[in-house]
Amino acid sequence: MKQKHPLRKLILFTALELLLVFGIVWIFDPFYQYHAPAGNGRAVLYDRDNQVVGTIRNFTYDSVFLGSSVAENFDTDYLDSKYDCHSIKIIKASGSVADLSCYLDMAREKQELVNVFWCLDLFALDSSPIPTIPDGTSPPGYLRTETILDDIPYIYNKEIIFEKIPMMLAFAHLDKNTGGNAYNWSEGKEFSASKAMQAYEKPEQVLEPIDFTNSKDDLADNLALLSREISSHPETDYYFLIPPYSLLWWDCAYVNGELDKNFYLLEQTLPVLVSFDNVEVYYFQSVEDIVCDLDYYMDMIHYSPDVNQYMLEQLGGGAGLVTPENCQEKIDEMKSLADTIITDRIYEYYP
């Protein structure tokens, strides 16, 4: 009998401890698996792979901003003010059309969408048209489901208790990665020509143009995905921003024989997107003052928040707007700039 009493105490203590941990994770909920911040609390969003699904499921919004890592530094508060909307960022590494479409489907199950802002990477157009989200490891499976029954790896996780929750509280106090600065990674990063140059060493040999037959097939499937999404929701306004990669990226495409492929992607995609009445397309790849100034970049494609802000300011009819009338002109401008880059501008950095 004396042995049973301590055992009962141990069981009770263990149960209370487990309940306490569950309560802490439930209340603070750093991945927003169960609820949005209570009251006037601001969401702290710094972990795209683990927090995006929770925000889609539990936040209140009427618009979304989709994209890859080059879209994380957009200030969506500015966007909300400009378009009188309430948006959340939906970010996926590499930002394939299929994965972002999968997230968009999740959002539509929860909310009616007034606007879809999509930072559409050129390299996403010939990415795999098969989404990785349903069966992949990012985000983790327990975050993708709505049941609590598989949440043990989230609830009883020392990283959540001792790292993620304290980080969330510290960031909230510092007003970091809150509001329109969700997932912003620019703090502490160096944007300069010297930094960007570290990411690219110009090869001496120029390769022959590659055979991109497979890219054509993937592009056709991705354009079908986009077209189906847009045509199925005529009540939603779509804004596609095609972001500017640096002259290093374009020179790299040239020496690796990929220029023809890139121009094919443009020539096939822009006319399709601008054919829809509920779509606006903004093309920033040919903005020479940005693309050819490496002080805006930290590597071949990742640019400073100044460039993100510039793009937002152009929405609503800026110089980057692509229309059925000027579509071919925009493509020709890009071809001309690419030629200037590989014959002249690149040698400002590689004498």
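Small disclaimer: the values here were computed from a predicted structure and weren't measured. (Residues numbered from 1 in each chain as written. Predicted model: local features only at pLDDT ≥ 70, side-chain atom pairs only at ≥ 80, totals over all residues. Heavy atoms only, no water.)

(A) Region of the structure containing the overall build of the protein chain. Helix and strand counts for the protein chain stand at 14 helices and six strands. Judged by the C-alpha coordinates and their principal axes, the protein chain covers about 90 × 45 × 40 Å. Sorting the 351 residues of the protein chain into buried and exposed places 51% on the buried side. By sequence separation, contacts in the protein chain at least 24 residues apart represent 80% of the contacts at least 6 residues apart. Here the protein chain displays about 16,700 Å² of accessible surface, and carbon together with sulfur accounts for 53% of that area. Distance between charge centres in the protein chain, computed from 25 positive and 55 negative side chains, equals 14 Å. (Helix = DSSP H or I, 4+ residues; strand = E, 2+ residues; numbered from the N terminus. Buried < 20%, exposed > 50% of the residue type's maximum accessible area, 1.4 Å probe, protein only. Contact = heavy atoms within 4.5 Å. Areas by Shrake-Rupley, 256 points an atom, 1.4 Å probe, with all protein chains shown as cover. Lys, Arg positive; Asp, Glu negative; His and termini not counted. Charge placed at Lys NZ, Arg CZ, Asp CG, Glu CD.)

(B) Layout of helix 11 (residues 259–274). Here helix 11 spans 23 Å end to end across 16 residues, near enough to the 22 Å set by a 1.5 Å rise per residue. Those residues of helix 11 lying buried are L259, K261, N262, F263, L265, L266, T269, L270, L273 and V274. Against helix 9 (213–232), strand 4 (237–242), helix 10 (247–255), strand 5 (279–283), strand 6 (321–322) and helix 14 (327–343) lie the buried residues of helix 11. (Expected span 1.5 Å × (residues − 1).)

(C) Molecular detail of helix 3 (residues 76–83). Among all positions in helix 3, only T76, L79, D80 and Y83 are buried. Angularly, the buried residues of helix 3 cover 100 degrees about the axis, an arc narrow enough to put them on a single face. Elements in contact with the buried residues of helix 3: strand 1 (63–67), strand 2 (87–91), strand 3 (115–119), strand 4 and helix 13 (305–314). Its side-chain oxygen at 3.0 Å from the backbone nitrogen of D77, D75 defines the N-terminal cap of helix 3. (Arc of directions from axis to C-beta. Polar contact = N/O pair within 3.5 Å; in protein donor to acceptor, adjacent residues only side chain to side chain.)

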